[in-house]
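# Chains, contacts and geometry: an overview
Chain by chain, the residues run as shown.
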Amino acid sequence: MRKPQDGLTRVRLRNGLEVRLMPVRTAPLISCWIWYRVGSRNEVPGITGASHWVEHMQFKGTPTFPAGELDRTISRDGGTWNAFTWLDWTAYFETMPADRIDLALRLEADRMVHSLFNKREVEAERTVVIAERQGHENEPTFRLAEEVQAAAFRVHGYHHEVIGDLVDLQTMTRDDLYQHYRRYYVPSNAVLSMAGNFSPRKMLDRIRAIFGSLPPAPRPEFKPRPEPEQSGERIVNVEGPGETPYLKVAYHAPAAGDPDFLAMVVLGSVLAGASGLHFFSSGISNKTSRLYRALVEGELAAAVQGGLAATIDPYLYTLHVTVRPDRSASKALEVLDAEVERLLDAPIEQAELEKAIKQARALFAYSSESVTQQAFWLGFSEMFADYGWFEGYLGRLSEISAEQTLECARKYLRRSNRTVGFYHPQGGAAHG
Amino acid sequence: MAEKTHSLPTLDLSALPGPETILREELDNGVTVLIRENFASPSVVVAGYLTAGALADEPERWGQAHLTALALMRGTEGRSFQEIFEALESVGARLGFQANAHSTSFQGKSLAEDLPLLLELLEEVLSSPTFPSREVERLKSQHLTSLAIRAQDTGAQAQMAFDELVYPDHPYRVPVDGYVESVGRLTPAALRRFHRREYGPQGMVVAIVGAMERERALEVVTQALSKWAAPGGGPMRRVPPAPELKEIVRREVNLPGKQQSDLVIGAAGPSRFAPDFMAAALGNSILGRFGLMGRIGDVVRERAGLAYYAYSAVSGGPGPGPWQVLAGVAPEKESAAVELILQEIRRFTQRKVSSEELRENQSNFIGRLPLQLESNEGVASALAYIERYGLGLDYYQRYPGMIEAITREQILETARRHLDPERLAIAIAGPER
């Protein structure tokens, strides 16, 4: 079995680019990720959604790699590529047969600097991004989540959805997007992370040759506006089509680097079930969690999920309840509250703690199986801490005590620290 | 950058699953077991299927196979619902079942140390589920909630409308998860009856892939599954050919308050058993998969900027599943998108694909194997796939040769056979027009 710390190479190039390399020889593949420290967190009103739109534009070509040509080349080689924009970061990856990875390096270096942002392409993409937003708006769960997030953050950039507000998507200009790109896509604001079947020494030589000549630029300054402490429960109501009510409860939660974060992971596991650690890991079922038993077995809800994200600044711990159409969301909230009260009254049981830790061990293994996942972790952990955070994760988690989780519950799971959202379905069945 | 004389990738065939690395055994009760080791991670995946599917639903009880599969884990002779999930979740394992038309498939995952537990639970829920009334009623209510959500989902509504157009008087017309009325008729007794009649080890396939030596895994699976004896099971059910469309047929579903429309355009395609399936799969890749979703993605999304997603799919199951183009578009762009898609289907059925397109798609089909077969999940489903369609243990080793042999003429022939541009179904679900 691979030990994660074996053979990790950590280098900072002269232009500021951070490089993380991990040889993994389980398959003839290499996964290459480039991470930029920019996401919706960095956006101000007027340009909300810019980070995500810039991500789309990064697929529209450079003079060296015209649009469309890259899809074909990567597909032809049997590779896969994609990109993600999140609150704190934007990341691009290619996973390719090991002997074809050079293309990914050349592409990522090139589009860090030379993307065209052709005006016509920007306009075509405006329609696509708005269509993406409209697709989200078809989902009641998106509409509710957007309102809850906006109510929870009055000041901080976590206020708006990654996709951005419709009005900004309609009015943002090519130059807005291009400036955003030039400001944040510089070597000193990026991390290159790779895992797979390669020799780190040779790979590093190649990276120096390709990325080393990119012009240095100062790391963009960005001062987040901290969210003031919430001093009273906030309630939002959303109406829309459908038959199914939804309930969303969001507590301000610790940032990933906060010592409380892992106690919150354990609490979440007990309350709503263990969840996967990132986009590429599937979780397990949560049918023995306290909330499932109370809400779903209690015949009020069809499903309940908890969610905690590893973020730079304090974000949210959310509980999402799909209420049965024949039940009321306020009744579901009463039952949810009773369960949260139990967590505030007494420490969790030792058996629950041990279960949460074993679950974390399994999910941790599942979340780092492929080279794509391993390269993901190398870079992702750098966004809010460093790779040591990832390596030490299970060790630190196993040191959490039941008392710590009680303290953590009392600190974060207070009513005055939360936003409650109700989706009130207004009916409207399909007709042909 | 584009190399015009691109050579096909050369794979190390011995690294792909093959007779040397797959252990295949038939247990005395009829279960077929396939095992492959992978010590790259400490986990193990169990995946497979039984031949009980929605085709066996009783008339007017659509959703019976679906609900039976979901209810298996709601209680057995030995354990309650909570005890089953406590056993699984407390070790971070998972197990789930899902019915489709021809079969019920399952997938589980655990740390390798917990494989015996996982297989023991698999056997227990298959052989002795009790379908407790209380649990079945709960499950029904949850399922009715999911049908209420489906009724508001533009993608799901477009697909259902499409299936009704393409499969009138054919079993594929009915959604596997049933309808509100038919699910309302399902009782614990109906699920018990379905289970007794349809579930059994005959025809069951189990693939196990992960961090356990294969002899040991065989021992564990034999111990767990060989005790199951039940008369259900047997060969997979077949379906008649799909009726032929006589013209372009169209259906619109109105969902007030929605912001986007989903559309599905196509017809019945080849089954996985059809001689021209591989040509159809490769052709479909050119039409709507390759790169950022092939010709369709290029025209509809990239050039016209009409959609957030646009692609095509050929299902190729045990029967004539759909060959279809799917897209999500702004409501006011529906007609423009439909016209562009029809134009691409016409072109696809009128002219041969170019040599370059053929070559680069062949290259993709071959080159992507290591990525597809990297994870335990990927290998386990590949093993179940080759067993389901009788492709032989050396299938992945023969695969590059088979792909390379497909010609432009074969692709045009198969396109013409299945996608006549004058006989297609067009289904759209979106806001009121």
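A quick note: this is a predicted structure, and the numbers were derived from the prediction, not measured.

### Considerations on the overall build of chain B
In terms of helices and strands, chain B carries 16 helices and 11 strands. Taken against the 2.2 N^0.38 rule, which gives 22 Å for 433 residues, the C-alpha radius of gyration of chain B at 23 Å falls within 12% of a compact globule. Taken over the C-alpha atoms alone, chain B extends approximately 60 × 55 × 35 Å along its principal axes. Within the span of chain B, comprising 433 residues, buried residues form 62% of the whole. Sequence-distant contacts in chain B: of pairs separated by 6 or more residues, those separated by 24 or more amount to 82%. With an accessible surface of roughly 16,100 Å², chain B has 50% of that area assigned to carbon and sulfur atoms. Within chain B, the 55 negative side-chain charges are centred at a point lying 5 Å from the centre of the 46 positive side-chain charges.

### Some words on the packing of helix 1 (residues 50-57) of chain A against helix 7 (residues 174-184) of chain A
All names here are of chain A. Look at helix 1 against helix 7: their axes get within 9 Å of each other, and the N-to-C directions meet at 85 degrees. Of the possible angle classes, the one that applies to helix 1 and helix 7 is roughly perpendicular. Together, Ala 50, Ser 51, Trp 53 and Val 54 of helix 1 and Leu 177, His 180 and Tyr 181 of helix 7 make up the contact between the two elements.

### Let's talk about the pattern of salt bridges
Evaluated as defined, the whole model comprises 68 salt bridges over all chains. With a closest N to O distance of 2.8 Å, Arg 72 of chain A and Glu 356 of chain B form a salt bridge. Of this pair, Arg 72 of chain A sits in helix 2 (residues 69-76) while Glu 356 of chain B sits in helix 12 (residues 355-367), which puts the two residues in different chains. What makes Glu 356 of chain B partly exposed here is its relative accessible area of 30%. In this structure, Asp 102 of chain A engages Arg 206 of chain A in a salt bridge whose closest nitrogen and oxygen atoms are separated by 2.5 Å. Taken together, the residues span a long stretch of sequence, with Asp 102 of chain A in helix 3 (residues 102-113) and Arg 206 of chain A in helix 8 (residues 200-211) at a distance of 104 residues.

### Considering the layout of surface pockets
All names here are of chain B. When its volume is computed, the second largest pocket comes out at roughly 940 Å³. If you trace the second largest pocket, you find 32 residues lining it, with Asn 100, Ala 101, Tyr 172, Val 174 and Val 176 closest to the centre. Sorting the residues of the lining of the second largest pocket by element identifies strand 4 (94-99) and helix 5 (154-166) as the ones contributing at least two each. With 4 residues, helix 5 is the single largest residue contributor to the lining of the second largest pocket. The class makeup of the residues in the lining of the second largest pocket is 17 nonpolar, 9 polar and 6 charged. When residues of the lining of the second largest pocket are sorted by domain, at least three fall in each of domain 1 (18-225) and domain 2 (249-430).

### Details of the interface of chain A and chain B
Contacts between chain A and chain B engage 73 residues on the former and 67 residues on the latter. Its largest share of buried area at the contact with chain B, chain A owes to Arg 76, Asn 138 and Tyr 366 of chain A, together 12% of the area lost on that side. At the junction of chain A with chain B, the criterion picks out 12 salt bridges. Among the ionic pairs, Glu 360 of chain B bridges to Arg 76 of chain A, the shortest N-O distance being 3.9 Å. On the surface where chain A and chain B come into contact, there are 32 residue pairs in polar contact (both at pLDDT 80 or more). If you list the elements that add at least two residues to the side of chain A that touches chain B, you get helix 2, strand 5 (90-97), helix 4 (119-137), helix 10 (290-296), strand 9 (301-308), strand 10 (316-323) and helix 12 (350-366) of chain A. For the side of chain A that touches chain B, the element with the highest residue contribution is helix 4 of chain A, accounting for 9 residues. In terms of residue class, the side of chain A that touches chain B is made up of 26 nonpolar, 26 polar and 21 charged.

### Some details on the sheet that holds strand 2 (residues 32-37) of chain B
Residue and element names in this part refer to chain B. One open sheet holds the 6 strands; their spatial order is 1-2-6-3-5-4, and the pairing between them is mixed. What marks the edges here is a single partner per strand, and that holds for strand 1 (23-26) and strand 4. Taking the axes of each pair of neighbouring strands and ignoring which way they run, one obtains an average angle of 15 degrees across the sheet. This element, helix 1 (residues 64-71), spans strand 4 and strand 5 (104-111) of the sheet and lies at about 170 degrees to strand 4. Contacts between helix 8 (residues 214-225) and the sheet are confined to strand 1, strand 2 and strand 6 (205-210), with strand 2 contributing the most and set at about 150 degrees to the helix.

### A word on the domain arrangement of chain B
Residues and elements named next belong to chain B. According to the domain assignment, chain B contains domain 1 (18-225) and domain 2 (249-430). Its C-alpha centre places domain 1 at a distance of 27 Å from the equivalent point of domain 2. Listed by partner, the interface residues are 39 residues for domain 1 and 38 residues for domain 2. The contact between domain 1 and domain 2 buries some 3,100 Å² in all, and 65% of this surface belongs to carbon and sulfur atoms. If you sort the residues of domain 1 by the area they bury against domain 2, Thr 154, Phe 162 and Leu 165 come out on top, with a joint share of 20%.

### Here we look at the pairing of strand 3 (residues 29-36) of chain A
All names here are of chain A. Taking burial as the measure, the 8 residues of strand 3 include 8 buried ones, the bulk of the element. Burial along strand 3 is two-sided: Leu 29, Ser 31, Trp 33 and Trp 35 and Ile 30, Cys 32, Ile 34 and Tyr 36, pointing in opposite directions, are all buried. Note that strand 3 and strand 5 share 8 bridges and pair antiparallel. Paired with Trp 35 across the bridge in strand 5 is Ala 91. As paired strands, strand 3 and strand 6 (residues 190-196) are joined by 7 bridges and run antiparallel to one another. Of the residues in strand 6, the one forming a bridge with Cys 32 is Met 194.

### A short note on unusual backbone geometry
Residues and elements named next belong to chain B. Despite not being glycine, Glu 60 shows a phi value in the positive range, around 65 degrees. Inspection of the secondary structure assignment puts Glu 60 in the loop between strand 3 (43-50) and helix 1. On the basis of relative accessible area, Glu 60 is assigned to the partly exposed category, the value being 41%. A positive phi angle, near 55 degrees, is found at Asp 169, a position not held by glycine. Turning to its location among the elements, Asp 169 is positioned in the loop between helix 5 and helix 6 (180-184).

### Overview of the sheet that holds strand 3 of chain A
Residue and element names in this part refer to chain A. Strand order in this open sheet of 6 strands is 1-2-6-3-5-4, and the pairing throughout is mixed. With one partner strand each, in any of the chains shown, strand 1 (9-12) and strand 4 (80-85) form the two edges of the open sheet. Neighbouring strand axes in the sheet, compared pairwise and without regard to direction, differ in orientation by 15 degrees on average. Helix 1 contacts strand 4 and strand 5 of the sheet and is inclined by roughly 160 degrees relative to strand 4. Taken strand by strand, helix 13 (residues 371-384) contacts strand 1, strand 2 (18-23), strand 3, strand 5 and strand 6, and its axis lies near 20 degrees from that of strand 3.

Analysis parameters
Residues numbered from 1 in each chain as written. Chains lettered and ligands numbered in written order. Predicted model: local features only at pLDDT ≥ 70, side-chain atom pairs only at ≥ 80, totals over all residues. Heavy atoms only, no water. Helix = DSSP H or I, 4+ residues; strand = E, 2+ residues; numbered from the N terminus. Rg over C-alpha atoms; globule rule 2.2 N^0.38 Å. Buried < 20%, exposed > 50% of the residue type's maximum accessible area, 1.4 Å probe, protein only. Contact = heavy atoms within 4.5 Å. Areas by Shrake-Rupley, 256 points an atom, 1.4 Å probe, with all protein chains shown as cover. Lys, Arg positive; Asp, Glu negative; His and termini not counted. Charge placed at Lys NZ, Arg CZ, Asp CG, Glu CD. Axes fitted to C-alpha atoms, helices over the stretch in contact; angles between N-to-C directions. Parallel < 35°, antiparallel > 145°, perpendicular 65-115°, else oblique. Salt bridge = Lys/Arg side-chain N within 4 Å of Asp/Glu carboxyl O. 1 Å grid on protein atoms, 1.4 Å probe; cavity = no way out; pocket = protein on both sides within 12 Å on 5 of 7 lines; lining within 4 Å. Points joined across faces, edges and corners; volume = space filled by probe spheres on them. Nonpolar A, V, L, I, M, F, W, Y, C, P; charged D, E, K, R; others polar. Domains from an automatic or database assignment. Buried area = accessible area lost by both parts, 1.4 Å probe. Polar contact = N/O pair within 3.5 Å; in protein donor to acceptor, adjacent residues only side chain to side chain. Pairing = 2+ DSSP bridges.

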